[in-house]
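Observations on chain architecture
Residues per chain, in single letters:
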Amino acid sequence: MLQEYDIIVVGAGHAGNEAAAAAANLGSKTLLITMNMETIGQMSCNPAIGGIAKGQIVREIDALGGYTGIVTDKSAIQFKLLNLSKGPAMWSPRAQNDRMLFSRTWRLTLEGLKNLDFWQDMATGITTEGNKVTGVKTAMGITIKAKAVILNSGTFLNGIIHLGEKQFGGGRMGEKAAFGITNDLEELGFEAGRMKTGTPPRVDGRSIDFSKMLEQPGDDNPGKFSFSKETQPLKTQKSCWITYTNDEVHDLLRTGFDRSPMFNGAIKSVGPRYCPSIEDKINRFAHRERHQIFAEPEGWNTIEYYINGFSTSLPEDVQIKALRKIPGFENAKMFRPGYAIEYDYFPPTQLKHTLETKLIENLYFSGQINGTTGYEEAASQGLMAGINASLKVQEKEPFILNRSQAYIGVLIDDLITKGTEEPYRMFTSRAEYRILLRNDNADVRLTELSHKIGLASDDRLRTVENKIIETDHLVTYIKETSLIPEEINPILESLDSAPIKQKVKMNTVLSRPNVGLSDLKSGSNALSLHLQSRPQINLEIEEQAEILIKYEGYIEREKDVAEKIERLEYVQIPEDMDYDMFSTFSHESKEKLKKIRPQTIGQASRISGIKPSDISVLLIKLGR
């Protein structure tokens, strides 16, 4: 008989792994239940981590003491920093990964945690007493007791795979779906829905003609995700490749539309808006003559390639015919076709900011069960659910990040306040304070907060404290040191930047858009000599200092706005507030406020349909 646990984590995907690790590292006796121990941390779709806004989330996970960044670094085959032509708020790290090594690294990482046990089985339901969760039921017919349960079901809840006119149950190709949990939750009063996602075909790399494609190498000086010393940047990398569809490809794809589950009514749920299938793209954007297709290697030592941009659920014969009309794929051999999958999710407005459900105490949801898409979004939710479940069990205060502290705070607030009717994906545009939430300062923003609750290590905190001290020192030096014309003008002229006519402070020159710190320290000038005298100032600290100087005005302005708005976050709304008593509120306002039950005025102000006048009335009622 299995013992009673503090926390049971159901599902060993990206959300479940972070949840289990966080709970165990915070001292909770934790059990991770997975249907297959061999697929822990499986990359179900593309073999990559990060990207626009997603890369910032991974760095936040790492800064908080999670493992996604470390696992990514250890299994990476390529690293790129995206959006370098834009401001630092938009810089987003992304890595291609070895799919098998990523999964293996996650498993070995989890096996090294002393408070974590494993159980291979299918969770088929939860047990409750009153409005409190008490454990999990499994397909083996056993009940395992726990003080808290975290559900991270991915695409497995009543999953149906669509391939042309064929449908079959499954949570992933070759793996069975999970049944029972949705029924249990609906009987308890939860509202459920359906969502859809998809994946492209995988192709034999030996059958691809890369000479007809454009090479997409990694960065010349690759970075990494983790702020820790546990990982190192890549010394060698593998390239991706880019090609394009054409009219002939589109015409061939259209021949299968009558057998497409997207168009014949078989798929009734909504898929990800920002990652549409190839048939959806050529249907919605019929004016486009071509679409990008990426050939991404699945690892260091495999011939398998992931065909990014060609997600589809068309019949397999149509898939291969159309694929072979794309330059470079004329002789393509397909390992497996693309497919779509429909699965159950639970609208996240049923959650608190801690990701605990409102209906059942100590029951937490994270990942795709909340309507999100993407490994990174799932992992961040898992981390926060694991942290908060552990803190709740230990009778400690919850850990909540607000919108000005982290992309993770934006993600969770969006989900529970606005809900989502399509798979939610994070973008930089969703964050109103993105100049504050840069990927380079995630450790400065979050590591101390995590250390206070016992998750981020002492070593992590010391590293961040040193970074802050050395960055401040460098910023002060730059602001106080003058440049003389004869020393700096040759550099400025080489950059097509106007020369200076008299002594000026270094930060004045560095504030110019086309002048970087690397330019100013070239040669044997005062800055170069100063940096040589302080070897503890590394490139990461130099980058941080340059950003703080160049964007000082923007950063200070955004901080001021955030502080003003944040005051509303501390104005609590009683849980039993009777919204029907407000005669000036519209029916829509009353219904939404009663459904969401916002905890603060700030949260109420972000509910879709709530008017500024409603917020004013609430503030008056609360004596503000």
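Okay, so let's go over this structure.

What counts as what
- Residues numbered from 1 in each chain as written.
- Predicted model: local features only at pLDDT ≥ 70, side-chain atom pairs only at ≥ 80, totals over all residues.
- Heavy atoms only, no water.
- Buried < 20%, exposed > 50% of the residue type's maximum accessible area, 1.4 Å probe, protein only.
- Helix = DSSP H or I, 4+ residues; strand = E, 2+ residues; numbered from the N terminus.
- Arc of directions from axis to C-beta.
- Contact = heavy atoms within 4.5 Å.
- Core = buried A, V, L, I, M, F, W, Y, C linked by side-chain atoms within 4.5 Å.
- Pairing = 2+ DSSP bridges.
- Axes fitted to C-alpha atoms, helices over the stretch in contact; angles between N-to-C directions.
- Disulfide = S-S within 2.5 Å.
- Phe/Tyr/Trp six-rings, centres within 6.5 Å; stacked < 30°, edge-to-face > 60°.
- Lys NZ or Arg CZ within 6 Å of the ring centre and 35° of its normal.
- Salt bridge = Lys/Arg side-chain N within 4 Å of Asp/Glu carboxyl O.

Details of helix α13 (residues 485-494)
Looking only at α13, the buried set comprises Pro485, Ile488, Asn489, Ile491 and Leu492. All buried residues of α13 lie within an arc of 170° about the axis, which places them on one face of the element. Across α13 from its buried face, at more than 90 degrees, point the exposed residues Glu486, Glu493 and Ser494. Those residues of α13 hidden inside the fold are in contact with β21 (482-483), α14 (506-510) and α15 (517-520). Immediately downstream of α13, the backbone of Asp496 shows phi near 55°, a positive value.

Comments concerning the nonpolar core
Formed by 100 residues in total, the largest nonpolar core has its most connected members in Ile8, Leu151, Leu363 and Ile387. No other element matches helix α9 (residues 375-393), which puts nine residues into this core. Ignoring anything within four residues of it in the chain, the contact list for Leu151 reads Val10, Ile126, Ile181, Leu185, Leu363, Tyr364, Phe365, Ser366 and Ile369. Met213, Ala295, Leu314 and Ile320 belong to the second-largest nonpolar core, a separate cluster that totals 22 residues.

Here's the deal with the sheet that holds strand β16 (residues 292-297)
Within the open sheet, the six strands sit side by side as β14-β15-β16-β17-β13-β18. Their pairing is antiparallel. Strands at the two margins of the open sheet, each flanked by one partner only, are β14 (214-216) and β18 (334-336). This sheet shows a mean twist of 35° between the axes of neighbouring strands, independent of strand direction. Bridge count between strand β15 (residues 240-244) and β16: four bridges; the pairing is antiparallel.

Points about the state of the cysteines
Evaluated as defined, the whole model comprises zero disulfides. Free of any disulfide, Cys240 has its nearest cysteine sulfur in Cys45, 14 Å distant. Residue classification places Cys240 among the buried positions, given a relative accessible area of 5%.

Digging into the packing of aromatic side chains
Inspection of the entire model under this criterion finds 11 aromatic pairs. Ring plane angle 40° and centroid distance 5.0 Å describe the contact between Phe210 and Trp241, whose orientation is recorded as tilted. A residue pair is termed long-range when its members are at least 10 positions apart, and Phe210 in the loop between β13 (202-204) and β14 and Trp241 in strand β15 qualify at 31 residues. Arranged with centres 5.3 Å apart and planes meeting at 50°, the rings of Phe210 and Tyr305 form a pair that is tilted. Taken together, the residues span a long stretch of sequence, with Phe210 in the loop between β13 and β14 and Tyr305 in strand β17 (residues 304-308) at a distance of 95 residues. Taken together, Phe190, Phe346 and Phe365 form an aromatic cluster joined through their ring pairs. The ring of Tyr244 has Arg290 sitting right over it, with the charged end atom 3.6 Å from the ring centre. Arg430 extends its terminal NZ or CZ atom over the ring of Tyr424, reaching a point 4.2 Å from the ring centre.

Details of the sheet that holds strand β11 (residues 166-169)
Strand order in the open sheet made by the four strands is β11-β10-β19-β12, with antiparallel pairing throughout. Two strands lie at the open edges of the sheet, namely β11 and β12 (193-199), each paired on one side alone. Strand-to-strand twist in this sheet, taken as the mean axis angle between neighbours without regard to direction, amounts to 25°.

A word on unusual backbone geometry
For Asn83, which is not a glycine, the phi torsion comes out positive at approximately 65°. Among the structural elements, Asn83 can be located in the loop between β4 (76-82) and β5 (92-97). Residue class for Asn83 comes out partly exposed when judged on its relative accessible area of 21%. Backbone geometry places Glu395, a non-glycine residue, at a positive phi of 60°. Tracing the backbone through its elements, the reader meets Glu395 in the loop between α9 and α10 (407-418).

Remarks on the pattern of salt bridges
Tallying each qualifying case throughout the model produces 43 salt bridges. Through salt bridges with shared partners, a single ionic network connects Arg403, Asp413, Asp414, Lys418, Glu432 and Arg606.

Digging into the environment of Ala456
With respect to the helices and strands, the residue Ala456 is situated in the loop between α11 (442-452) and α12 (458-480). You can call Ala456 buried: its relative accessible area is 5%. Residues Ala456 and Met90, 366 residues apart in the sequence, show an inter-C-alpha distance of 26 Å. If we skip the residues at most four places from it in the chain, Ala456 touches Ala63, Leu64, Thr447, Ser450 and His451.

Points about the pairing of strand β10 (residues 160-163)
Bridge analysis of β10 against strand β19 (residues 339-345) gives three bridges, and the strand direction is antiparallel. Bridge pairing in β19 links His162 to Ala340. Pairing geometry for β10 and β11, over four bridges, is antiparallel. When the sheet's bridge partners are listed, Leu163 is paired in β11 with Lys166. Here β10 hands over to β11 after two residues, with Gly164 in that stretch at a positive phi of 65°.

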